[in-house]
Every structure is written in structure tokens, then in C-alpha cells.
Amino acid sequence: MLAAIRSAAVVGIEAVIVTVEVDAARGLPNWTIVGLAAGAVKESRDRVCAALANSGFLLPPRRVTVGLAPGDLPKSGTAYDLPIALAYLAATGQLPFNSLDGLVVAGELGLDGSIRAVRGVLSMAREAAVADTAAFIVPPQNVPEARLVGRLVVSTSATLGGLVAMIRRGRPVEAPPVPTCVAGGAPAEDFADVVGQDVAKRALEIAAAGAHACLLIGPPGTGKTMLARRLPSILPALGRNEALEATAIHSVAGLLPRTGGLLPARPFRAPHHTVSAAGLVGGGSMPRPGEVSLAHNGVLFLDELLEFPRHVLEALRQPLEDGRVVIVRSMMSVAFPARFTLVAAANPCPCGHAGDPTRSCRCTDTEVARYRGRLSGPLADRLDMHVTVGAVSLRALGARSVEERSATVRERVERARERQRERYRSLAGTDVNARVPGRWLDAHGGVERTAREQLAMAAERLALSARAYHRVLRVARTVADLDGEETVGERAVLEALTYRPAERDVVCAG
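Read on for an overview of the structure. The shown structure was predicted, so the numbers you read here are calculated from the model rather than taken from an experiment. (Residues numbered from 1 in each chain as written. Predicted model: local features only at pLDDT ≥ 70, side-chain atom pairs only at ≥ 80, totals over all residues. Heavy atoms only, no water.)

### Overview of the environment of Ala459
In this fold, Ala459 is placed in helix H19 (residues 449–462). Along the backbone, Ala459 and Thr259 are 200 residues apart, and their C-alpha atoms lie at a distance of 52 Å. If sequence neighbours within four positions are ignored, Ala459 has contacts with Leu464 and Tyr469. (Helix = DSSP H or I, 4+ residues; strand = E, 2+ residues; numbered from the N terminus. Contact = heavy atoms within 4.5 Å.)

Structural data, given as C-alpha cells:
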């Protein structure tokens, strides 16, 4: 007897409906799973059989064939356990044959028949909502995540036995309402905690307003990490669409808290410098999102930038330029979104004290050149702002100064972002200065003639590339937006140029 039920496969952060067919025919007892099933899917045979037996269901001797269609789409993960079990019960006559019509089911089975959480439920729910679904059945822990999608009946049960009893009584009942926000909230760090460093604070405000990539350079102990970790506190709050995108990525990666729901704040990711290239940008035989995608719509902080292997840093080129990562495998090509604000921190030399007025540098010229060479010219070209962070005197640290709070800075950032949204309303996929095409900005960005001449002279003197020229222009446009200026004048260009070193000295002034 043949029975079928629908589930879903996650490809990137999108989902595809998968039909799970189970044929229980007479013959020698055997289980076969077909349809490009990965190891975890093939192991579902053992989990399903144990769960069925421990839940009190019969396991008649049959030659069981499980088909996962479409057959040319790779399947991975444990989400097929529950649909396979339900289809098996229908195929062996233990569930009414038509009781599975209209259902989309995902869930892992424990050996005791418990139903456990799986990854990617938000993506599955979004696909199920447009697939004429009567009910979407998920594990209890995934209910808050699935309920983020409207127009979808979400049902659940803690055990396989309870779910089967519910299906036998008729259509699965909708799960009760649950909170849809994870623990968290506004970042605890505040710019008011940072004493001095007015130049670095101004640079991070510009970076936040225009989503510009920023490199902080200075000796150890000057507050680079402290400043970077406070960048999320001045970013605008997540919009619902932005939160759904970020939540879907964290769901696919299995990083959502058990309470589920939308991410309450912009992501902040700070991988260690020993991270692999696949860990940073994503990868694997069944591609998973990396740190750049987990930071989507948030902040990616790379502390000790020049300690990262050069080949790992080079992998950042595509996401910085395109706002997404494309991972190609022999049987699939997967794209992950990766629009993030990059902030990095680096020492000026191996010992860290080049340019420090209080301590002398012990590094030779060769060591300094080798150290700075870990950041390639093309990648340095993609960093909009290079900011020198100097030491704060002990006298200033002990003074009772009143520093500007993050909330005040965030108000200016939000006003600048609103100006950008209005300006780029007609440009699809562009809402901040960092992502506007350079030629469009040059022609339609309100750049004054004298400012353009000033930038052209500076570009020749600093030997800027065409990419660097347009990045300076984007930063200048953000400076003007923060100042409430309709046009980009000489003052905005001059400030933007202070954050762009000459091409021969793209890391620091030494």
C-alpha cells in the first residue's frame, strides 16, 4: 500500500516542498530510502522504527520503500523523521488513508517517540503558506518560529502517539498562542561608556548611518574593541522584513533560542581569528550559512584583523561587494544574503606599538611590511574608512566628563537613514549610501562642482583607484546626510578623505 505526505527541504534560506512517499509491500522485511538522501536522512529508518515500536504501533514485516521527491534535490537533516513515520502508519493501515491530505510536516523523532526541534522551520513555514496547506505540523519548540508566518494553521504535539491520536480525531488543531520574541533587547553597551575618542566615535556614527565598512587601527588598550561592540547600540531598530530575514538565517543555522520568535535586535557576530574560510562565509557539503550571513542586517566584527589568515580575509571580497555569498557545489548552487556593516580592529605592527607616544616599537621594517601585507590591496580598497585610534591619557580617563549617549547618536543615524531611503526609493535593493552604484551617486547624488574637483585632486595625490574614489564619495554623501545637507559640499568631501589613506599606506601611518 502506498501513502504520501508533504514535508520541506531547505536550500540556502529558501524551502522547497518535498513529497514523502512510503510503499509498504509484501516481501522480505527491508527499508530503502531513495531521493538523494544524506546520512542523517538514511538513519531515519532506525529512529522511525524505534519511535513507532516505543509508541505502541505495529511494525508488520514489509518491504518498505521511502521516496523523497523531487529526486534530484539533495536532502539532509532529521526533519523527515516525522513525515516518514506518519506516511508509514498510513501505508500499513494504522492511519486513515486520506487523513494526511493537505498536511505539511517536519520534525525529528526521538527513540521514545518524542518530537524534537529541527532547523529551518521559518523557511518551511513561508513555503507552506503558499502551498495550499491545511495545517503545518512542527515540534513544540518550533511553534513560535512557524507562527511568524501569517495565513498558516500551525499544529503540534509533544509525542508521536499524541499526534496520531489528534489526526485520527480529524484535522490537527491549531497550537495555542505563544510569545514570539526571544530573550534579549537593546544592547547593554553604550557610547557614553567610552571616554574621549571623538574621532573614532564620529567615524562609527558615519559607518552606522551609511552601512560603511570601517577599520580601527591603534595600539593595544586604546578601546578599539570597546568602540566596535557599541556600534549596534547606534544602529536603527530592525524592521519586520529585516528581522524575518535574519531570523530565517539563524533558524537554518540552528542558532535560534528554544523560545523561538523574531530576533529582537540586529545581529552582532565576532568570530575568532582562527575561523576557517567556510566558517566565515559559509560552506560544507550541504552548504550552511557562515558568519557573514549570520551578521546579515547587523554587524560583523573582526578583532585582530591581521591575525586572520590571508586566504580567509580574501573570501570577504564577494560579500562586501555584492551583499551575498554564492556557494557552488556539484549538485547545487546556494546563495546566502550577507548585507552587514563590517567593523574591524588591527594593531599597527606585530608588537602593536608603532606610533604609540608612550612605548617604542620593537619591530623591524621587514616585520612591519610583512604584517601589513596580510591585508591585500583589493580588500583594503573595499574598506570605506581607515580610522586611527590613539591612546587616551590617564588624566582624561580619571576626569568626570559627560559623554554623549548612544540614544542621541542613534537619532541622528535614523534621520540620515530616512534621507537615504527617500533618495534611493527608485533603486531596487538600495537603501543606504554604501550600496548605491558609484556612477549613479556621481550623477544624481547632489555633489557640488567644487566638491567634485576637490575629490578629483585628492584622488590623484593619494593614488586612489576608481573603487576607492567612489567609496570616498559614498562616505561624503553620508557625512552630508548626517549634517542634514541636501548637497555634498567640500567640507563633507574633506572629512571623508581623512578616513582614506593613500594606496601605498592602506593599513596605517606607522
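After that view of the structure, there is still more to cover.
### Things to note about the environment of Arg317
With respect to the secondary-structure elements, Arg317 resides in helix H13 (residues 317–322). Residue Arg317 is classed as partly exposed on the basis of its relative accessible area, which comes to 30%. For the pair Arg317 and Asp381, spaced 64 residues apart in sequence, the C-alpha separation works out to 9.9 Å. Leaving out residues up to four positions away in the same chain, Arg317 has contacts with Ser376, Pro378 and Arg382. Among the polar contacts made by the side chain of Arg317, one reaches the side chain of Glu314 at a distance of 2.4 Å. (Buried < 20%, exposed > 50% of the residue type's maximum accessible area, 1.4 Å probe, protein only. Polar contact = N/O pair within 3.5 Å; in protein donor to acceptor, adjacent residues only side chain to side chain.)

### Focus on a negative patch on the surface
On the surface, a cluster of negative charge is made up of Glu448, Glu485, Glu486 and Glu490. Among the structural elements, Glu486 can be located in the loop between helix H20 (466–482) and helix H21 (490–497). Taking the relative accessible area as the measure of exposure, Glu486 reaches 66% and is therefore exposed. (Patch = residues over 30% accessible without salt bridge, like charges linked within 9 Å, V, L, I, M, F, W, Y side chains within 5 Å. Areas by Shrake-Rupley, 256 points an atom, 1.4 Å probe, with all protein chains shown as cover. Salt bridge = Lys/Arg side-chain N within 4 Å of Asp/Glu carboxyl O. Lys, Arg positive; Asp, Glu negative; His and termini not counted. Charge placed at Lys NZ, Arg CZ, Asp CG, Glu CD.)

### Observations concerning the nonpolar core
Counting residues in each nonpolar core, the largest one holds 52 residues, and the members touching the most others are Val343, Met385 and Val387. Considering every element that reaches this core, the biggest residue donor is H20, with nine residues. Beyond its immediate sequence surroundings of up to four residues, Met385 is in contact with Ala203, Ile206, Ala207, His212, Ala213, Cys214, Leu215, Val475 and Tyr499. Val22, Val48, Leu86 and Ala91 belong to the second-largest nonpolar core, a separate cluster that totals 43 residues. (Core = buried A, V, L, I, M, F, W, Y, C linked by side-chain atoms within 4.5 Å.)

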